[in-house]
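Survey of secondary and tertiary structure
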Amino acid sequence: MPDEPLSSPRAYGLYVYGLSERHPSIQRSTLVYIPSGALFGRVEGMVFFEGQVVLCVQEYLNFELGVIEGYGYEVSHTQVPLDVPDAPGAGEYCHASYPHKEKFYWYDSFPHPSDLALASTDLIINTFLPISSVTASLLLA
Amino acid sequence: MRMKELIEDMGRLEMELHKFETRFGVKSADFYEAMTRGELEEFDALDEYRIEFIEWLALYKTWLSLNVKYHQLVAREPVALQIKVNLELSYA
(Lines give C-alpha, C1' and ligand atoms only; values in the text may rest on other atoms or scores of the structure.)
Protein backbone atom coordinates (compact mmCIF):
# COMPACT_ATOMS: atom_id res chain seq x y z
CA MET A 1 0.00 0.00 0.00
CA PRO A 2 1.68 3.25 -1.08
CA ASP A 3 2.01 6.08 1.41
CA GLU A 4 -0.45 8.95 1.35
CA PRO A 5 1.10 11.28 -1.28
CA LEU A 6 1.26 14.30 0.98
CA SER A 7 2.82 12.39 3.87
CA SER A 8 6.38 13.21 2.77
CA PRO A 9 8.39 14.68 -0.11
CA ARG A 10 9.44 11.18 -1.11
CA ALA A 11 5.84 9.93 -1.22
CA TYR A 12 4.77 12.92 -3.28
CA GLY A 13 7.65 12.44 -5.68
CA LEU A 14 6.63 8.82 -6.18
CA TYR A 15 3.04 9.94 -6.71
CA VAL A 16 3.98 12.54 -9.31
CA TYR A 17 6.46 10.36 -11.18
CA GLY A 18 4.00 7.47 -11.24
CA LEU A 19 1.12 9.41 -12.80
CA SER A 20 1.87 8.24 -16.34
CA GLU A 21 1.90 4.60 -15.26
CA ARG A 22 -1.39 4.87 -13.41
CA HIS A 23 -3.17 6.86 -16.11
CA PRO A 24 -2.60 5.44 -19.61
CA SER A 25 -4.24 8.47 -21.24
CA ILE A 26 -1.20 10.49 -20.22
CA GLN A 27 1.16 10.42 -23.17
CA ARG A 28 4.01 12.25 -21.52
CA SER A 29 4.77 14.24 -18.40
CA THR A 30 7.43 16.78 -17.55
CA LEU A 31 6.25 17.18 -13.97
CA VAL A 32 9.11 17.48 -11.55
CA TYR A 33 9.17 17.67 -7.77
CA ILE A 34 11.59 20.36 -6.62
CA PRO A 35 12.52 20.13 -2.94
CA SER A 36 12.96 23.50 -1.25
CA GLY A 37 13.51 22.08 2.23
CA ALA A 38 12.72 19.03 4.31
CA LEU A 39 9.16 20.17 4.85
CA PHE A 40 8.24 22.03 1.71
CA GLY A 41 8.71 21.93 -2.03
CA ARG A 42 7.02 22.49 -5.35
CA VAL A 43 5.85 20.64 -8.43
CA GLU A 44 6.09 22.21 -11.86
CA GLY A 45 5.64 21.01 -15.40
CA MET A 46 3.22 19.85 -18.03
CA VAL A 47 1.18 16.69 -18.62
CA PHE A 48 0.42 15.80 -22.24
CA PHE A 49 -2.73 14.02 -23.35
CA GLU A 50 -4.10 12.81 -26.65
CA GLY A 51 -5.33 15.46 -29.06
CA GLN A 52 -2.59 17.95 -28.09
CA VAL A 53 -4.27 18.63 -24.76
CA VAL A 54 -1.88 19.97 -22.15
CA LEU A 55 -2.27 20.30 -18.40
CA CYS A 56 0.04 22.88 -16.83
CA VAL A 57 0.73 22.28 -13.15
CA GLN A 58 2.22 24.39 -10.41
CA GLU A 59 1.93 23.26 -6.80
CA TYR A 60 3.41 24.48 -3.52
CA LEU A 61 3.49 21.73 -0.94
CA ASN A 62 3.57 21.90 2.85
CA PHE A 63 4.52 18.55 4.37
CA GLU A 64 4.23 19.81 7.93
CA LEU A 65 0.48 20.06 7.43
CA GLY A 66 0.28 17.58 4.54
CA VAL A 67 -1.48 20.04 2.22
CA ILE A 68 -1.06 21.78 -1.09
CA GLU A 69 -0.76 25.38 0.08
CA GLY A 70 -0.93 26.91 -3.37
CA TYR A 71 -1.66 25.70 -6.87
CA GLY A 72 -2.29 26.70 -10.43
CA TYR A 73 -3.67 24.38 -13.11
CA GLU A 74 -4.54 25.14 -16.70
CA VAL A 75 -5.86 22.84 -19.42
CA SER A 76 -5.29 23.94 -22.99
CA HIS A 77 -5.02 22.78 -26.57
CA THR A 78 -1.62 23.56 -27.96
CA GLN A 79 -1.34 25.07 -31.42
CA VAL A 80 2.37 24.34 -31.68
CA PRO A 81 4.18 21.00 -31.41
CA LEU A 82 5.56 20.50 -27.94
CA ASP A 83 7.48 17.30 -28.62
CA VAL A 84 10.24 18.88 -30.70
CA PRO A 85 13.66 19.91 -29.39
CA ASP A 86 13.05 23.68 -29.49
CA ALA A 87 9.49 23.51 -28.12
CA PRO A 88 8.58 25.96 -25.36
CA GLY A 89 9.02 24.61 -21.86
CA ALA A 90 6.51 24.91 -19.05
CA GLY A 91 7.93 28.26 -18.00
CA GLU A 92 6.98 29.73 -21.35
CA TYR A 93 3.98 27.69 -22.46
CA CYS A 94 2.20 27.74 -19.10
CA HIS A 95 2.36 31.50 -18.83
CA ALA A 96 -1.28 32.51 -19.18
CA SER A 97 -0.49 34.99 -21.93
CA TYR A 98 1.34 32.48 -24.14
CA PRO A 99 -0.38 33.05 -27.50
CA HIS A 100 -0.20 29.69 -29.27
CA LYS A 101 -2.76 27.79 -27.23
CA GLU A 102 -6.48 27.61 -26.70
CA LYS A 103 -7.25 27.67 -23.00
CA PHE A 104 -10.10 25.37 -21.99
CA TYR A 105 -10.18 25.98 -18.25
CA TRP A 106 -7.97 26.84 -15.34
CA TYR A 107 -8.04 26.73 -11.58
CA ASP A 108 -5.83 28.30 -8.97
CA SER A 109 -5.64 29.09 -5.29
CA PHE A 110 -5.81 32.86 -5.57
CA PRO A 111 -8.20 33.78 -2.73
CA HIS A 112 -11.60 35.19 -3.59
CA PRO A 113 -13.26 35.52 -0.20
CA SER A 114 -16.13 37.51 -1.67
CA ASP A 115 -16.92 34.71 -4.15
CA LEU A 116 -18.43 31.89 -2.10
CA ALA A 117 -18.33 29.35 -4.93
CA LEU A 118 -14.60 29.74 -5.38
CA ALA A 119 -13.95 29.84 -1.65
CA SER A 120 -15.76 26.56 -1.04
CA THR A 121 -13.99 24.60 -3.79
CA ASP A 122 -10.64 25.85 -2.55
CA LEU A 123 -11.39 24.38 0.87
CA ILE A 124 -12.54 21.01 -0.44
CA ILE A 125 -9.72 20.45 -2.89
CA ASN A 126 -6.97 21.77 -0.68
CA THR A 127 -8.05 19.67 2.25
CA PHE A 128 -8.64 16.29 0.75
CA LEU A 129 -6.89 15.67 -2.54
CA PRO A 130 -3.89 16.59 -4.61
CA ILE A 131 -5.63 18.46 -7.40
CA SER A 132 -3.52 16.92 -10.12
CA SER A 133 -5.33 13.66 -9.51
CA VAL A 134 -8.67 15.45 -9.68
CA THR A 135 -7.84 17.19 -12.94
CA ALA A 136 -6.40 14.05 -14.46
CA SER A 137 -9.52 12.13 -13.46
CA LEU A 138 -11.67 14.72 -15.18
CA LEU A 139 -9.71 14.29 -18.36
CA LEU A 140 -9.82 10.54 -18.12
CA ALA A 141 -13.58 10.45 -17.61
CA MET B 1 9.81 16.80 14.20
CA ARG B 2 13.43 17.78 14.55
CA MET B 3 14.07 21.33 15.75
CA LYS B 4 17.20 21.74 13.62
CA GLU B 5 15.32 20.73 10.48
CA LEU B 6 12.50 23.07 11.37
CA ILE B 7 14.82 26.01 11.94
CA GLU B 8 16.59 25.37 8.65
CA ASP B 9 13.33 25.26 6.71
CA MET B 10 12.04 28.42 8.39
CA GLY B 11 15.27 30.17 7.39
CA ARG B 12 14.88 29.05 3.78
CA LEU B 13 11.32 30.25 3.73
CA GLU B 14 12.29 33.61 5.23
CA MET B 15 14.84 34.12 2.46
CA GLU B 16 12.18 33.37 -0.17
CA LEU B 17 9.68 35.64 1.54
CA HIS B 18 12.24 38.44 1.76
CA LYS B 19 12.60 38.41 -2.03
CA PHE B 20 8.87 38.98 -2.43
CA GLU B 21 8.82 41.65 0.29
CA THR B 22 11.62 43.55 -1.40
CA ARG B 23 10.01 43.24 -4.82
CA PHE B 24 6.53 44.31 -3.78
CA GLY B 25 7.37 46.62 -0.88
CA VAL B 26 5.26 45.11 1.90
CA LYS B 27 5.92 42.58 4.63
CA SER B 28 4.52 39.11 4.14
CA ALA B 29 2.15 39.39 7.10
CA ASP B 30 0.49 42.46 5.58
CA PHE B 31 0.34 40.81 2.15
CA TYR B 32 -1.28 37.76 3.75
CA GLU B 33 -3.92 39.86 5.51
CA ALA B 34 -4.72 41.76 2.34
CA MET B 35 -4.93 38.59 0.25
CA THR B 36 -7.19 36.77 2.66
CA ARG B 37 -9.46 39.82 2.95
CA GLY B 38 -9.81 39.91 -0.83
CA GLU B 39 -8.13 43.29 -1.19
CA LEU B 40 -5.80 42.10 -3.94
CA GLU B 41 -8.34 40.43 -6.21
CA GLU B 42 -7.56 42.87 -9.03
CA PHE B 43 -4.13 41.23 -9.36
CA ASP B 44 -5.75 37.91 -10.24
CA ALA B 45 -6.36 39.30 -13.72
CA LEU B 46 -2.71 40.23 -14.16
CA ASP B 47 -0.80 37.28 -15.48
CA GLU B 48 2.59 38.54 -14.41
CA TYR B 49 1.60 38.87 -10.76
CA ARG B 50 -1.01 36.18 -10.16
CA ILE B 51 1.36 33.21 -9.98
CA GLU B 52 3.85 35.16 -7.89
CA PHE B 53 1.12 36.05 -5.42
CA ILE B 54 -0.03 32.43 -5.24
CA GLU B 55 3.55 31.36 -4.52
CA TRP B 56 4.12 34.12 -1.97
CA LEU B 57 0.91 33.27 -0.15
CA ALA B 58 1.69 29.54 -0.16
CA LEU B 59 5.20 30.11 1.22
CA TYR B 60 3.93 32.41 3.94
CA LYS B 61 1.21 29.97 4.96
CA THR B 62 3.87 27.26 5.12
CA TRP B 63 6.06 29.54 7.27
CA LEU B 64 3.11 30.18 9.60
CA SER B 65 2.56 26.47 10.08
CA LEU B 66 6.25 25.89 10.83
CA ASN B 67 6.22 28.81 13.27
CA VAL B 68 3.35 27.21 15.14
CA LYS B 69 5.31 23.97 15.26
CA TYR B 70 8.39 25.79 16.48
CA HIS B 71 6.52 27.30 19.41
CA GLN B 72 5.01 23.95 20.25
CA LEU B 73 8.47 22.38 20.40
CA VAL B 74 9.97 25.22 22.41
CA ALA B 75 7.13 25.03 24.89
CA ARG B 76 7.65 21.30 25.26
CA GLU B 77 11.32 21.46 26.25
CA PRO B 78 13.38 24.22 27.89
CA VAL B 79 15.41 26.37 25.51
CA ALA B 80 18.63 25.39 27.32
CA LEU B 81 17.92 21.75 26.57
CA GLN B 82 17.15 22.49 22.91
CA ILE B 83 20.51 24.27 22.60
CA LYS B 84 22.41 21.44 24.25
CA VAL B 85 20.78 18.86 22.01
CA ASN B 86 21.66 20.91 18.96
CA LEU B 87 25.27 21.36 20.08
CA GLU B 88 25.60 17.65 20.71
CA LEU B 89 24.35 16.96 17.20
CA SER B 90 26.79 19.48 15.76
CA TYR B 91 29.77 17.94 17.56
CA ALA B 92 28.72 14.34 16.92
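Overview of the structure. Remember, it's a predicted structure, so these values are computed and weren't measured experimentally.

With that out of the way, let us pick up the interface of chain B and chain A. Taken together, the contacts link 24 residues of chain B with 23 residues of chain A. Of all the elements in the fold, those that place two or more residues in the side of chain B that touches chain A are α1 (3-24), α2 (28-36) and α3 (47-76) of chain B. For the side of chain B that touches chain A, the leading source of residues is α3(B), giving 14 residues. Per-class residue counts for the side of chain B that touches chain A are eight nonpolar, four polar and 12 charged.

What follows deals with the nonpolar core. Core analysis: the largest hydrophobic core is formed by 35 residues, its most contacted members being A:L55, A:C56, A:V57, A:L61, B:W56, B:L57 and B:L59. When contributions to this core are tallied by element, the ones reaching two or more residues are α1 (9-17), β3 (40-49), β4 (53-62) and β5 (67-78) of chain A together with α1, α2 and α3 of chain B. With nine residues, α3(B) is the largest single contributor of residues to this core.

Residue and element names in this part refer to chain A. The backbone of Q52 sits at a positive phi, close to 60°, despite the residue not being glycine. Here Q52 is to be found in the loop between β3 and β4. The class for Q52 is partly exposed, based on 17 C-beta atoms found within 10 Å.

Turning to the packing of α2(B) against α3(B), a few remarks are in order. All names here are of chain B. Direction vectors running N to C along α2 and α3 enclose 110°, while the axes themselves pass 10 Å from each other. Overall, the two elements α2 and α3 adopt an arrangement that is roughly perpendicular. The interaxial crossing formed by α2 with α3 has left-handed handedness. Between α2 and α3, the contacting residues are S28, F31, Y32 and M35 on the first element and F53, W56, L57 and Y60 on the second. Along the lines of polarity and charge, the residues of the contact of α2 with α3 split into seven nonpolar, one polar and no charged.

Rules used in this analysis
Residues numbered from 1 in each chain as written. Chains lettered and ligands numbered in written order. Predicted model: local features only at pLDDT ≥ 70, side-chain atom pairs only at ≥ 80, totals over all residues. Contact = placed C-beta atoms within 7 Å. Helix = DSSP H or I, 4+ residues; strand = E, 2+ residues; numbered from the N terminus. Nonpolar A, V, L, I, M, F, W, Y, C, P; charged D, E, K, R; others polar. Core = buried A, V, L, I, M, F, W, Y, C linked by C-beta atoms within 7 Å. Buried ≥ 20, exposed ≤ 12 C-beta atoms within 10 Å, placed from the backbone. Axes fitted to C-alpha atoms, helices over the stretch in contact; angles between N-to-C directions. Parallel < 35°, antiparallel > 145°, perpendicular 65-115°, else oblique. Left-handed = near helix turned anticlockwise from the far one by under 90°.

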